[in-house]
Amino acid sequence: LDVLDSGTYQNEENFYVMPLPFRKDEKQLECNYKPVLQRFHGLLSQFHRRGQEFKSKYSDFMNGFISRGEAELVPQTDLEKGEGTWYLPHHGVFHKKTNKLRCVFDCSSEFKGLSLNDTLLQGPDLNNSLLGVLMRFREKPVAICCDIEKMYHRFYVTPQYRDYMRFFWLDSDDNVQIYRMCVHIFGARSSPSCAKYGLNRLAEEHGNSYPVAQKFIQKSFYVDDGLYSVDTTEQAIELLNQTREICSKGNLRVHKLLSNKVEVLESFPPEDINLNPSQDITLLDTERALGMQWSLATDSFKYSYQPSDKKPTRRSVLSNVASVFDPLGLISPLMLTGRSIIQQTCKSGLDWGDPLDSATAQICKFTLKNFGVILKLGWYGPK
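Residues numbered from 1 in each chain as written. Predicted model: local features only at pLDDT ≥ 70, side-chain atom pairs only at ≥ 80, totals over all residues. Heavy atoms only, no water.

*Asks:* Would you take a moment to explain the side chain of R162 for this structure?
*Replies:* Residue placement: R162 occurs in the loop between β7 (155-157) and β8 (166-170). Beyond its immediate sequence surroundings of up to four residues, R162 is in contact with E72, Y156, V157, R180, M181 and C182. (Helix = DSSP H or I, 4+ residues; strand = E, 2+ residues; numbered from the N terminus. Contact = heavy atoms within 4.5 Å.)

Here it is in structure tokens:
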């Protein structure tokens, strides 16, 4: 934190700028130009093999960095600089449900036994307790949820360190050019700590003007997601307004607003609410809140499961149990049955693909059918 305390400042555009916190001398990294260029040519071959749609989605994502100022073309005067440079390979990852493509920088890629992540400090875990955030979210009758858009990319890297985040990409004529990232990136070991430090510092510096939002940001944000509950809709609206104001001081945009009260959502622009353009606010049903399925209509957490007709195996039981996200332990009694079945299969020496015996299979099917439950936690007053 000493590195960030002394090296962080706000630029003329009000973005927070902070250094990459290296462990020792960053010059221990030797330029990896050739192997990363070779990997980039492999990516270009993928464009030919996988078709125009893949290339188009990839290009839109990468060019978005450049158009938003999150990446820049390396100036001609810096191109021949060898010492103090590092190149990041990148690849595309598709989201399973939405089929959206995301480009990821490989900060763990090694050259001569070192990677960028090897040389960066991870920093302290500045995140709030997930359990604490969720408990405060369930405490009072009016619940709210919000998100900071592209939080990592809203915190810039000190110019002298940007050459350690160079990458190859194409210009408008499909010529290979050298760019560099200007912001903290996903995949870098230091990014979570740097982004959370920047958010907390923003709340600290402007907390006198926005005391309610300061406490919310510092105590009830988990990474870029803020969850909280208050007594009235007026308090919820005031809290969200203050949070949006304080975040705007550092060019952070608070969006994807959600609440179990329609009156709260109707107080904000439609583009800042977490719903589709054609969706009616009054018809909001189940949305994600820190990985949990939150039913807005009933203001409760929901667990759903689609049972399979296939005969259960040791592998499928483990997969089903592991797929249930329950940090509060609300359905622990139900999960104990599944864990007990896993323990039995381990003792019996079953292989991963072997079907369970008929008696265990019947217990397993009965348990899985009961996964579709709705549970509540917290005090809700007279309702």
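After that view of the structure, there is still more to cover.
*Asks:* Please clarify how helix α7 (residues 211-220) should be interpreted in this entry.
*Replies:* Every α-helix carries 3.6 residues per turn, so stepping three or four residues along brings you back to the same face. Listed in full, the buried residues belonging to α7 are A213, Q214, F216, I217 and S220. On its buried face, α7 sits against α5 (130-137), β6 (142-148), α6 (191-205), β10 (221-222), β11 (225-230) and α8 (233-248). (Buried < 20%, exposed > 50% of the residue type's maximum accessible area, 1.4 Å probe, protein only.)

*Asks:* How do you make sense of unusual backbone geometry when you look at a structure like this?
*Replies:* What you tend to see is this: most non-glycine residues have negative phi, and most peptide bonds are trans. Even without being glycine, N14 reaches a positive phi, approximately 75°. With respect to the helices and strands, the residue N14 is situated in the loop between β1 (9-10) and β2 (16-18). For N14, a relative accessible area of 38% puts it in the partly exposed group. Phi is positive for N251, close to 60°, though the residue is something other than glycine.

*Asks:* Would you explain the pairing of β8 in this entry?
*Replies:* Look at any regular strand and the pattern is simple: side chains alternate between the two faces of the sheet. Counting buried positions over the 5 residues of β8 gives 5, a clear majority of the element. Judged by which residues are buried, β8 turns out to be covered on both faces: R166, F168 and L170 on one side and F167 and W169 on the other are all buried. Summarising the sheet, β8 and strand β9 (residues 176-181) pair through 5 bridges and their orientation is antiparallel. Bridge assignment links L170 to a residue of β9, and that residue is V176. (Pairing = 2+ DSSP bridges.)

*Asks:* Just to check I follow, could you spell out the sheet that holds β2 for this structure?
*Replies:* The pairing of strands in a sheet happens through backbone hydrogen bonds and is either parallel or antiparallel. The sheet built from 3 strands is open, its strands ordered β1-β2-β7 with mixed pairing. A single partner strand is all that each edge strand has here, and the edge strands are β1 and β7. By the bridge criterion, 3 bridges tie β2 to β7 in an arrangement that is parallel. Residue pairing for β7: V17 is matched across the bridge by Y156. Each of β1, β2 and β7 is contacted by α6, which is oriented at about 135° to β2, the strand it contacts most. (Axes fitted to C-alpha atoms, helices over the stretch in contact; angles between N-to-C directions.)

As far as function goes, none of this settles anything; it's purely spatial.
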